[in-house]
Amino acid sequence: MFDFLSDYDILGAFWTTVQLALLSAVGSLIWGTLLAAMRVGPVPLMRGFGTAYVNLVRNIPLTVIILFTSLGLYQALNITLGADRSDTANFRLAVLGLIAYTSAFVCEALRSGINTVPVGQAEAARAIGLSFSQVLRLVVLPQAFRSAVGPLTNVLIALTKNTTVAAAIGVAEAALLMKEMIENEAQLLLISAIFAFGFVCLTLPTGLILGWVGKKVAVKR
Amino acid sequence: MSALLYDAQGPRAKRRNVLFTVAFLAVLAAVLWWVYLTLKDSGQLEWVLWEPFFTSSEPWSTYIWPGLQNTLKAAVLAVIIALPLGAVLGIARLSEHAWIRVPAGAVVEFFRAIPVLILMIFGLALFAEYTNVSSDDRPLYAVVTGLVLYNASVLAEIVRAGILSLPKGQSEAAMAIGLRKNQEMRLVLLPQAVTAMLPAIVSQLVVIVKDTALGGAVLTFPELLASANTMSGYYGANTIASFTVVAVIFIALNFALTSFASWLERRLRRAKKSTGAVVGVDEAQIAGGGGTAGGGVN
């Protein structure tokens, strides 16, 4: 009953899923933090750009973005992100799409974290003569990050699940392998159970561990 | 808060802001110029490729409108089925009997931990193997199944958060006048919780509408995104134009829903008559679950 499993590289597929998730997580944390900084900053143009970006990107389905990276960027505009093979190109484009999408949610999570920092903190920082970027970098963001661990964890879990969308452009991750296995083998329930279990293993511990970390690092007020 | 991270600006800060604005504008312009050049070099800006959307109704009536109808059909079906299911699961999770509470909790946490796409692929194979749903209808059934399983569990958490957000006096008063557990839930808590949950439910609609696109990309469900694909084939590979049009439609639709949700939230928070409990758009995503496997961010 389990013989056919050795014909498929299930662990390899999940490894691709994990790689997609980790690379996109790092990328969207950076880009999302920049967006959040723009949205709370004193330059109106940057504020407008940040707001527009978040509102536009949040309302486009991720599937549209990912499919666009392949059909639009890769095939129509020939943007390969420095890859010479189509499967590496698709992987990188999927990461790009995931970063573009997830940073909007990272930005919002961070902004909710910034809102938990008491106004007096920023006022005190300004009173001792810190500039806006110093206020943000030294006083507000460190506290905001610590209280945003919870929302950021939710974003990370959603991102892990969203990596399955890369199946739409043929990146060899878990969902694509599951589809292929279901088509070839007559073991629907077993195969589904394996992949469901795989994702439960990825997301539940993330939630539990980061939930614990979040409680640990949260600024007690 | 955000407006208070910096002071009212003096002459030096104003000069610096102008400098930043100019620099940022230059970067933006450079990026846009690069995009323009890339588009132009690949011929994607030719008027022939964009013209069908402006000069004829054919792309709208043949591709976009039927696609949009399917998107909305799947989304509406999913909501209609998932809402009562979610309400039952959410209330079951608050039960005082462990044999109801624990299984309901397990079901909710399980389906929230699994990607919608996995559930849809499972649904497609399930209908093919164990039912006689015709192969034309199967993608719709599969999309709705996936959406229902996932969103019912998210909605269950919203319902739970809605009920928990009510002041304790509400259930105490219900008990004091001798209502049964079931009457207390049905007559006192749920009606108030539904009002409190409305903004969160509306913003969950956005997630559902966006997730229908998965069916188009992976399950051959002929919704809006899938019709963009066939459309760009028909009009001579106008990928950029087709995707732009479809993205704009999705943005307009979802932006309307998002704005409606936050309007509803503001209105409910202002209303004096209610208990003042509101499950907001953001809270919904963190709602309940002890922060284990959350995230309706799809």
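This is a predicted model, so every value here is computed, not measured.

A closer look at the UniProt feature "domain: ABC transmembrane type-1" (unreviewed entry) in chain B
Within this numbering scheme, the UniProt entry marks residues 68-261 of chain B as carrying the feature "domain: ABC transmembrane type-1" (unreviewed entry). Across residues 68-261 of chain B, helical content stands at 85% and strand content at 0%; the span's end C-alpha atoms are separated by 21 Å.

What to know about the UniProt feature "transmembrane region" (unreviewed entry) in chain B
Residues and elements named next belong to chain B. This chain's UniProt record puts "transmembrane region" (unreviewed entry) on residues 18-37, 74-94, 106-128, 140-166, 187-209 and 240-264. Between the C-alpha atoms that bound residues 140-166 the distance is 38 Å, and the span itself is 93% helix and 0% strand. As annotated, residues 240-264 comprises 100% helix and 0% strand, and the C-alpha atoms at either end are separated by 35 Å.

A word on the packing of aromatic side chains
Enumeration over the complete set of coordinates arrives at 17 aromatic pairs over all chains. Ring geometry for phenylalanine 110 of chain B versus phenylalanine 111 of chain B: centroids 5.1 Å apart, planes at 75°, classification edge-to-face. Owing to a relative accessible area of 35%, phenylalanine 110 of chain B belongs among the partly exposed residues under this scheme. Taken together through their ring pairs, the aromatic side chains of Trp31, Phe49 and Tyr53 of chain A together with Phe24 of chain B make up a single cluster.

Points about the UniProt feature "domain: ABC transmembrane type-1" (unreviewed entry) in chain A
Summarizing the sequence annotation, UniProt attributes the feature "domain: ABC transmembrane type-1" (unreviewed entry) to residues 14-210 of chain A in the numbering used throughout. In the segment residues 14-210 of chain A, helix accounts for 82% and strand for 0%; the C-alpha atoms at its two ends are 21 Å apart.

Section: helix 7 (residues 149-162) of chain A
What sets the pattern is the α-helix's 3.6 residues per turn: residues three or four places apart point alike. In this model helix 7 of chain A runs 19 Å from its N-terminal to its C-terminal C-alpha over 14 residues, within 8% of the 20 Å that 1.5 Å per residue would give. Judged by how many residues are buried, helix 7 of chain A sits mostly within the fold: 12 of 14 residues are covered.

Observations concerning the confidence of the model for chain A
With 100% of its residues at a pLDDT of 70 or more, chain A shows a mean pLDDT of 91. The least confident element of chain A is helix 5 (residues 119-127) of chain A, whose mean pLDDT is 89; the most confident is helix 1 (residues 10-40) of chain A, at 95.

Brief notes about a positive patch on the surface
Together, Arg146, Lys216, Lys220 and Arg221 of chain A make up a positively charged patch on the protein surface. Along the chain, arginine 146 of chain A turns up in helix 6 (residues 132-147).

Let's talk about the UniProt feature "transmembrane region" (unreviewed entry) in chain A
Residues annotated by UniProt as "transmembrane region" (unreviewed entry) correspond here to residues 12-35, 56-77, 89-107 and 188-213 of chain A. End-to-end, the C-alpha atoms of residues 188-213 of chain A are 38 Å apart, and along that stretch the chain is 100% helix and 0% strand.

Some points on the pattern of salt bridges
The final tally for this structure, using the stated rule, is 11 salt bridges over all chains. Residue arginine 111 of chain A is joined to glutamate 108 of chain A by a salt bridge in which the shortest nitrogen-to-oxygen separation is 3.3 Å. Within this pair, arginine 111 of chain A and its partner glutamate 108 of chain A are both found in helix 4 (residues 86-116), separated by three residues, close to a single helical turn. For arginine 111 of chain A, a relative accessible area of 23% gives the class partly exposed. The closest approach of N and O atoms between arginine 269 of chain B and glutamate 265 of chain B, which form a salt bridge, is 3.0 Å. Linking arginine 269 of chain B with glutamate 265 of chain B, this pair stays in helix 10 (residues 239-270), spanning four residues, or about one helical turn.

Points about the interface of chain A and chain B
Contacts between the two partners involve 61 residues from chain A and, on the opposite side, 57 residues from chain B. At the boundary of chain A with chain B, total buried surface from both sides reaches about 5500 Å², with 75% on carbon and sulfur atoms. The three residues of chain A that bury the most area against chain B are Asn59, Arg126 and Lys161 of chain A, which together make up 12% of that side's buried surface. On inspection of chain A and its partner chain B, the count reaches zero salt bridges. Here the side of chain A that touches chain B takes 11 residues from helix 9 (residues 188-217) of chain A, the largest share from any one element. Across the side of chain A that touches chain B, the residue classes break down as 44 nonpolar, 12 polar and five charged.

Conventions we followed
- Residues numbered from 1 in each chain as written.
- Chains lettered and ligands numbered in written order.
- Predicted model: local features only at pLDDT ≥ 70, side-chain atom pairs only at ≥ 80, totals over all residues.
- Heavy atoms only, no water.
- UniProt positions renumbered as here; feature names shortened; annotations may be inferred.
- Helix = DSSP H or I, 4+ residues; strand = E, 2+ residues; numbered from the N terminus.
- Phe/Tyr/Trp six-rings, centres within 6.5 Å; stacked < 30°, edge-to-face > 60°.
- Buried < 20%, exposed > 50% of the residue type's maximum accessible area, 1.4 Å probe, protein only.
- Expected span 1.5 Å × (residues − 1).
- pLDDT = per-residue confidence, 0-100.
- Patch = residues over 30% accessible without salt bridge, like charges linked within 9 Å, V, L, I, M, F, W, Y side chains within 5 Å.
- Areas by Shrake-Rupley, 256 points an atom, 1.4 Å probe, with all protein chains shown as cover.
- Salt bridge = Lys/Arg side-chain N within 4 Å of Asp/Glu carboxyl O.
- Lys, Arg positive; Asp, Glu negative; His and termini not counted.
- Charge placed at Lys NZ, Arg CZ, Asp CG, Glu CD.
- Contact = heavy atoms within 4.5 Å.
- Buried area = accessible area lost by both parts, 1.4 Å probe.
- Nonpolar A, V, L, I, M, F, W, Y, C, P; charged D, E, K, R; others polar.

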